[in-house]
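For reference, the chains in residue letters:
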Amino acid sequence: MLDIETADRPSVDHDELVGFVTKIFTGRGVPADRAVVAARALVYGDAAGLGSHGLANLTRLYLPLFDARRVAPAADLTVLSDRGPAAVIDAERTLGLWTASAVLDDAAERAARYGVGVCFVRNATHFGCAGFHTRAQALQGRIALLSSNCGGQRIARPPGGRYAMLGTNPLSIAAPAGAADPFVLDMSTTAVPTGKIRVAARRGEPIPEGWLVDAAGSPVTDPAALDRGDGFPVWLGGRPATGAYKGYGLALLVEVLSALVSGAGLGPDAAAFTGSGGPTGRDDDIGYFAMIIDPVALRGDSAVAPAAEAMFAALRECAPIDPDEPVGYPGLREAERVRASLAEGIALDSALWAEVLALARAEGVDAPAGALR
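Residues numbered from 1 in each chain as written. Predicted model: local features only at pLDDT ≥ 70, side-chain atom pairs only at ≥ 80, totals over all residues. Heavy atoms only, no water.

Where an unreviewed UniProt entry is consulted, the chain appears under the name Ldh family oxidoreductase, with the organism given as Nocardia pulmonis. The UniProt entry for the chain carries the following comment under Sequence similarities (unreviewed entry): "Belongs to the LDH2/MDH2 oxidoreductase family." (UniProt positions renumbered as here; feature names shortened; annotations may be inferred.)

Judged by pairing direction, the sheet is antiparallel, and its 3 strands sit side by side in the order 9-8-10 without closing on themselves. Every interior strand has two partners, whereas the edge strands, strand 9 (219-220) and strand 10 (232-233), have only one. In this structure, strand 8 (residues 212-213) lies alongside strand 9, joined through 2 bridges in antiparallel fashion. When the bridges of strand 9 are listed, L212 appears paired with V220. (Pairing = 2+ DSSP bridges. Helix = DSSP H or I, 4+ residues; strand = E, 2+ residues; numbered from the N terminus.)

A few words on the sheet that holds strand 3 (residues 86-90). Spatial strand order, 2-3-4-11-5-6-7: 7 strands in an open sheet with mixed pairing. At either end of the open sheet lies a strand with only one pairing partner, and these are strand 2 (78-82) and strand 7 (180-187). The mean angle between the axes of side-by-side strands here comes to 15°, regardless of whether they run parallel or antiparallel. Across 5 bridges, the pairing between strand 3 and strand 4 (residues 116-124) is parallel. (Axes fitted to C-alpha atoms, helices over the stretch in contact; angles between N-to-C directions.)

A positive phi is found at R69, a non-glycine position, where the angle reads about 55°. With respect to the secondary-structure elements, R69 resides in the loop between helix 3 (56-67) and strand 2. Take R69: its relative accessible area is 69%, and that puts it in the exposed class. In this structure, R93 is a non-glycine residue whose phi angle is positive, near 65°. With respect to the helices and strands, the residue R93 is situated in the loop between strand 3 and helix 4 (96-114). (Buried < 20%, exposed > 50% of the residue type's maximum accessible area, 1.4 Å probe, protein only.)

This part covers the nonpolar core. Within the largest apolar cluster, 39 residues are counted, with the highest numbers of intra-cluster contacts made by F20, F25, L55 and L95. The set of elements that each furnish at least two residues to this core consists of helix 1 (14-27), helix 2 (32-47), helix 3 and helix 12 (350-363). Here the element with the most residues in this core is helix 2; it accounts for 8 residues. For L55, the residues in contact, after removing those within four places along its chain, are L17, V21, L42, D46, L348, L352 and V356. Residues A100, A107, A108 and A130 belong to the second largest nonpolar core, which totals 20 residues. (Core = buried A, V, L, I, M, F, W, Y, C linked by side-chain atoms within 4.5 Å. Contact = heavy atoms within 4.5 Å.)

What follows is the structure in structure tokens.
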């Protein structure tokens, strides 16, 4: 996420903000127990410093899904195929902020019996920060993997290709690290997630070269090009000569595991071959891959816990090149920010705070109290 100043920004209590979002979701028909999980998932983005996947998406992404009836708020998940350790599930267009945690919980129950549990999910919706869902499992001693394709939404082109055929296809893996904060890798398969580009667009700020390219493959620094349809996300690895096949290959891995197996909507499709090669489709019928490994159930002993603690401790003990930049691992910075947010509140920029106040009035709910910091 782009660095932002915190002066003169409202600071909102974490739980109060979760309560506010919960009321918004229940007002749209989401059952209360699901709404709390969904609200925590959304607020986690802001609490962890990942604002591109936080509260800003409430009015930009999630509420429009309700308004367009692309979410079924109270539908039940349907198990289409149950093979014991693995299942294919129809999410029935439930709210992805809740669904992802629910299917990981299902996979965890299977892993408790078999050591490994896997759920392949179709007909799902956007799940927010993948790391929120996997981290919750790691805190319970499990290893979690979660990935999602983007349904039929196509905004990224294969290396050397003329047509957009894939989405950003995010994935996350989380694992316990003993008494330390868990390892949580949460990434898009493009150089940056689209939410980060849209943050810059909302602020009227240019983006660095290496995030978007135009139809000819030249760098684009105008973030608005993404939603205009003339800016295409760059794969993790950058240009083909520097490893774009890595991000592209990971995106295809996500497409296979999340959508091909489950029967969800696929990005790569002849429907992409229209016009000048710009974006096509939309993110309906998203597919998930949700996998839990229960080391204790699988191995029959608890030796993995001290081994994991020692492994991640060794990384942190590695002497840094710069004493002010200690060695860590993915998940540490976000965990530190979450602790600070719980203690001090979550700082919202003035534009987002104005959105919160306007939404509270529109939805007829009390706005969370904010204090300038």
